[in-house]
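# An overview of the molecular structure
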Amino acid sequence: MTITIYHNPACGTSRNTLAMIRQSGEEPEIIKYLEMPPTRERIVELIAAMGLTPRDLLRRKGTPYDALGLDDPKWSDDALIDLMIAQPILIERPIVVTPHGVRLCRPSEVVLEILPNPEIGSFTKEDGEVVTFKGRPSGAGA
């Protein structure tokens, strides 16, 4: 089974998500998207699969979001995607792709909705928060 994570190793949420995937018994394909940004086509596919808009996928913290004035509704979806391609730091992370779905894993435990084996037991995040598998939400990961 192939699992892919669009990962930023400098991001705690991304590191926690990767650790949860590994604790589930899977070793994902890791795409360090800041080094290897997804293509326009791939970004469009991911956005559609997550049921988001390009604006929903924009990261504000630690990015040029404010400097570029991306709050302004003048920015079209195509323009926002162009900016994400040119400056991948604008892409919110982590994004995880599994055969059970695609999710923006914020918070990191969202990944449990789409893992083939979400029964990871107890997991302690880097900040000390404990996450315990409580069963797949109904209708998730079908």
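Provided above is the structure to which this section pertains.
This one's a predicted model, so the numbers in the text were calculated from it and none came from an experiment.

## Comments concerning the overall build of the chain
Looking only at helices and strands, the chain features 4 helices and 6 strands. Reading the helices (α) and strands (β) of the chain from amino to carboxyl end gives β-α-β-α-α-α-β-β-β-β. For the chain, the C-alpha radius of gyration of 15 Å lies close to 14 Å, the compact-globule estimate for 142 residues. Across its three principal axes, the chain shows a C-alpha extent of roughly 45 × 30 × 25 Å. The buried share among the 142 residues of the chain stands at 43%. Excluding contacts between residues fewer than 6 apart, the proportion of contacts in the chain whose partners are at least 24 apart in sequence is 57%. Summing over all exposed atoms, the chain offers an accessible surface of approximately 7,200 Å²; the carbon and sulfur share of this is 51%. Positive and negative side-chain charges in the chain, numbering 16 and 20 respectively, have mean positions lying 3 Å apart.

## Focus: the sheet that holds strand β2 (residues 29-32)
Pairing between the strands of a sheet comes from backbone hydrogen bonds, and it takes one of two forms, parallel or antiparallel. The strand order β2-β1-β3-β4 describes an open sheet built from 4 strands, whose pairing is mixed. With partners counted over all chains shown, the strands left at the sheet margins are β2 and β4 (101-104), one partner each. Pairwise comparison of adjacent strand axes, ignoring direction, gives a mean angle of 15 degrees for this sheet. Sheet strands in contact with helix α1 (residues 12-23) are β1 (4-7), β2 and β3 (95-98), and its direction is about 160 degrees off that of β1. Along the sheet, helix α2 (residues 40-50) makes contact with β1, β3 and β4, crossing β4 at roughly 95 degrees.

## Description of the state of the cysteines
Using the criterion set out here, one finds 0 disulfides in the structure. Cysteine Cys-11 is unpaired, with the sulfur of Cys-105 as its nearest cysteine sulfur at 11 Å. Judged by its relative accessible area of 6%, Cys-11 falls in the buried class. Judged by relative accessible area, Cys-105 falls into the buried class, the value being 0%.

## Structural notes on α2
Each α-helix winds once per 3.6 residues, and so residues spaced three or four apart point in a common direction. For α2, the set of buried residues is Ile-43, Leu-46, Ile-47 and Met-50. Angularly, the buried residues of α2 cover 100 degrees about the axis, an arc narrow enough to put them on a single face. Exposed residues lying more than 90 degrees from the buried face of α2 are Glu-41 and Ala-48. Taken from the residues just after α2, Gly-51 is the one with a positive phi, measuring 70 degrees.

Definitions and cut-offs
Sequence positions are assigned chain by chain, starting from 1 and proceeding in written order. Only residues with pLDDT of at least 70 get local features here, since the model is predicted, and only at 80 or more are side-chain atom pairs given and counted; chain-wide, interface and lining totals rely on the full set of residues. Excluded from the side-chain calculation are hydrogens and water; included are all heavy atoms of the structure. Numbering of helices and strands starts at the N terminus; helices are DSSP runs of H or I of at least 4 residues and strands are runs of E of at least 2. The quantity called the radius of gyration is restricted to C-alpha atoms. Its globule counterpart is 2.2 Å times the number of residues to the power 0.38. Each residue is assigned to one of three classes by its accessible area relative to the maximum for its type, calculated with a 1.4 Å probe on protein chains only: buried under 20%, partly exposed between the two thresholds, exposed over 50%. In what follows, a contact means two residues having at least one pair of non-hydrogen atoms within 4.5 Å. Only the protein chains shown count as cover for residues, with accessible areas throughout obtained via the Shrake-Rupley method and a probe of 1.4 Å. Note on charges: Lys and Arg go in the positive column, Asp and Glu in the negative column, and His and the chain ends are not counted at all. In this description, the location of a charge corresponds to atom NZ of lysine, CZ of arginine, CG of aspartate or CD of glutamate. DSSP bridges decide pairing: two strands pair if at least two such bridges lie between them. Angles shown run from 0 to 180 degrees and are taken between the N-to-C directions of axes, each axis being a line fitted to C-alpha atoms and, for helices, limited to the stretch in contact. Counting rule for disulfides: a pair of cysteine sulfur atoms within 2.5 Å. Our arc is simply the arc of the directions from the helix axis toward the C-beta atoms.

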